[in-house]
Structure formats: structure tokens, C-alpha cells
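Below, each chain spelled out in residue letters.
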Amino acid sequence: MNARRSKWIGAWFDLARSTARASAHIQRAAGKATAKRAAPVLKKTAAQMLTGVASPTRAPSTRAGGRWEEGRWGLGPLAMRRYRLYLPPGLRRSLPLVVLLHGCGQDSASFAATTRAAANARAGSYAVLLPEQAQEANPHRCWNWFGHEQLVATEAAILKTIVDHVCSTHRLRVDQVFGLGLSAGGAMALTLALRYPSLFAAVGTHSGAVPHSASSPLQAGQAMRGRRQPHHDTLRHRLAGRRLPPLLVIHGDADHGVADANADASVRLWLDLHSPAKITQARPRQAQRGQRRAYTVTDWKHGGHTQVRLIRIAGLGHAWSGGTARQAFSDPHGPDALKLAWRFFEATVSSA
């Protein structure tokens, strides 16, 4: 076994041993905000609860057209993750790819249902990849966005390898890969972009903690409450002049699981790492469709192109905006977060 493979496997074992206490800490903090809403779906059988998924869902079907594929990929036999890939019907050209990273208490099936991934992908003519956290790596299925350097690096490398694998085996545009995650998945999506800035054409976080702000469970809890900041200079040194992809941040102003101060911190991080480029903040604009929750959109632009967008949704707690009603961590009353994200992603490509 070569030294590189041995390093990854050793880190994976460290990850598996150290995440139980960490994930429990985060789950308690995030769970307080959604306990009442999630209570009905949490009254499932013991077998369902042992899956680590708050609202277990059947595997997504292809009755409305297109096809779902399942697979496993990673750094080797001891560092694999499952994934689901949706390809819309009428595939005659290479498609953009949206990578969706679920939050704690979710898996790829429940997150596909929450986000209406297939319906949105058909409407937008893009493919959707949903990696799935292994319960062995985290009992509550949280992506491990915090921890010591090698643990976070290993998890990020596994996810990048899955994206690369899917792009190499399907008709997908490697120059139009976009990342978006909820909560721990949002923090992990930004972590991926900071480690591999050329992986995504644009990246987004929904209700996520600011990345690289914690190296222990205690610090993670503090970060989720908005009491920790990442070390900008360390990240700037790691980027070594490489340019970050455009950023979308979606957050509810009533989120008590991950304080919306994290949204502001993620925006500041991206803006600071863009320096010395001159970024101009546009005037915030209000939006609302029908009876859905109102939201405010603020853009920061460079050379006429939006580099950072912050969408703050009024009254939204720690839940996916516009999600299906029967899922935990899902708010059906908000604007559709995946539609908002796709508009942003499309615009960044068309203006490039």
C-alpha cells in the first residue's frame, strides 16, 4: 500500500472514531429549532430511527421521466460514499450538474424529496448529484465540515472524487458544475470550494455555518451561534491566488439552529478573499411571490458580474425554503430555494 493511500485510510478511521460526540453536539443545537415541526415525522419505528434519517423516504422514482442512478465511489474500499444521480429525459447534449449536499438527519432520498430535485432539474435541463453521508462516518449523517485538518481534507477529497467520477462517466459539462448544500451540507459545499476552487462554476450554502470556523464540537456549536470566524489569512495563503467561484448564500432570519450571522460571515469571507478586486454592493431589493415568505436580495458585483448574492428570507427557520411539507427540516411556505439557486447559477455562466 502506497503512502498516499495509507494516509487517506488512516484519516478515514480517525474520522469514524471521532464523529459520534461531535455530531451529537451539533444535532442537539440544530434540533432545538426544528423539534416541534419534526415531531410528527420523528415518531417512526425504531428501525427507521436507527438510519439516522429524521423522515425516511422511499428511493426516488422515474415516473415523471428521466432516470435515477445509484452508485458508490470514493478514495478506496474503506472511504466510499453512496450517491444518487438524476438525469432528465431527452439527453442529447452535455448537461450542467448541480451537486446537492444534504443536512444532518437526511440522506440522498429524503433530500431529493425535500428539494424536488428531479422536477427542478427537468425544468432547468440540468443533472443533479446527491452524495450521501455514511452513517459510519457520522451517526446523524452530518457532513463533517469541522475537525482537525486531515479529517476535513479527507471528507472533501471523497466528495470531489465522486463529482469527478460522475462527470467522467456521463455526458456532463465539467465547466458547469455547481454546488449547494443545506446546514452541514452548506458548510461542506463552501469547504469544497475553498479547497478546490476550480471544481464549481458557482457555489451556494443554505442555512449553513461559515466554513473553516471550528476544529472541535465545542467550537462548532459556537460557530453555529455566530460566535466564531474563519481565519481569512490562512485561507488566502491556501488559495495562493486562485480565484473563488461566485457565491450564493440563502438564510432565514428566524434560524435558531444556525444563526444568520453565519450568512454575513460567509459573505465577508468571500469578499475578503476576492481582494484586491474592487467589489461594489448593489442596493438590496425586496421580493415576494403570492403568499410565500418575503425575502431580500443583496448583490456584490465586480466588473458588472455578480460575485456574491445574499438572500435573506423573512420568518424562515432552520429548514429548506420551499421544501415539501412532509419532510423534516423543510419549510413549504418559502420561495423555492433550488429555483433561486439555479437562476443564480445560470446567470453566472451566461455572464462569464
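Residues numbered from 1 in each chain as written. Predicted model: local features only at pLDDT ≥ 70, side-chain atom pairs only at ≥ 80, totals over all residues. Heavy atoms only, no water.

## Some remarks on the packing of helix α8 (residues 232-239) against helix α9 (residues 261-274)
What counts is decided by this rule: Lines fitted to C-alpha atoms define the axes here, with helix axes fitted over just the stretch in contact, and angles between the N-to-C directions of these axes take values from 0 to 180 degrees. Only DSSP runs of H or I covering at least 4 residues are called helices, and only runs of E covering at least 2 are called strands; the numbering of each starts at the N terminus. In this scheme, roughly parallel covers angles under 35 degrees and roughly antiparallel covers those over 145, while 65 to 115 is roughly perpendicular and the rest are oblique. The sense of a crossing depends on the near helix, which, turned anticlockwise from the far helix by less than a right angle, makes the crossing left-handed and, turned clockwise, makes it right-handed. Whether two residues touch is decided by their heavy atoms; if any such pair falls within 4.5 Å, the residues are in contact. Each residue gets one label: Ala, Val, Leu, Ile, Met, Phe, Trp, Tyr, Cys and Pro are nonpolar, Asp, Glu, Lys and Arg are charged, and the others, such as Gly, are polar.
The contact between α8 and α9 brings their axes to 10 Å, and the two run at 50 degrees. Taken together, the axis directions place α8 and α9 in an arrangement best described as oblique. Regarding α8 and α9, the two cross each other, and that crossing is right-handed. Across from H232, L235, R236 and L239 in α8, the residues of α9 making contact are R268, L269, D272 and L273. For the contact of α8 with α9, the residue count by class is 4 nonpolar, 1 polar and 3 charged.

## Considerations on the pairing of strand β3 (residues 95-101)
Selection rule: The classification of residues rests on relative accessible area computed with a 1.4 Å probe and restricted to protein chains. Under 20% of the type maximum is buried, over 50% is exposed, and intermediate values are partly exposed. Two strands are said to pair when DSSP picks up at least two bridges between them.
Across the 7 residues that make up β3, a large majority, 7, are buried. In this sheet, strand β5 (residues 172-182) lies alongside β3 in parallel orientation, the contact comprising 6 bridges. Its bridge partner being in β5, V99 is matched across the sheet by G179. In the sheet, β3 pairs with strand β4 (residues 127-132) via 3 bridges, with the strands oriented parallel.

## Section: the pairing of strand β6 (residues 202-206)
This is how it is decided: Throughout, right-handed denotes a crossover for which the path from the first strand over the helix to the second runs clockwise when the strands point away from the viewer.
Summarising burial for β6: 5 of the 5 residues are buried, a large majority. Alternating positions in β6 separate into two faces, A202, G204 and H206 on one and V203 and T205 on the other, with burial throughout. Pairing of β5 with β6 involves 5 bridges; the strand directions are parallel. Across the sheet, L182 pairs through a bridge with H206, a residue of β6. Where the polypeptide runs from β5 across helix α6 (residues 184-195) and back to β6, its parallel neighbour, the crossover connection is right-handed. Sheet topology places β6 next to strand β7 (residues 247-252); 4 bridges connect them, and they run parallel. In the strand pairing of β7, G204 is matched with L248.

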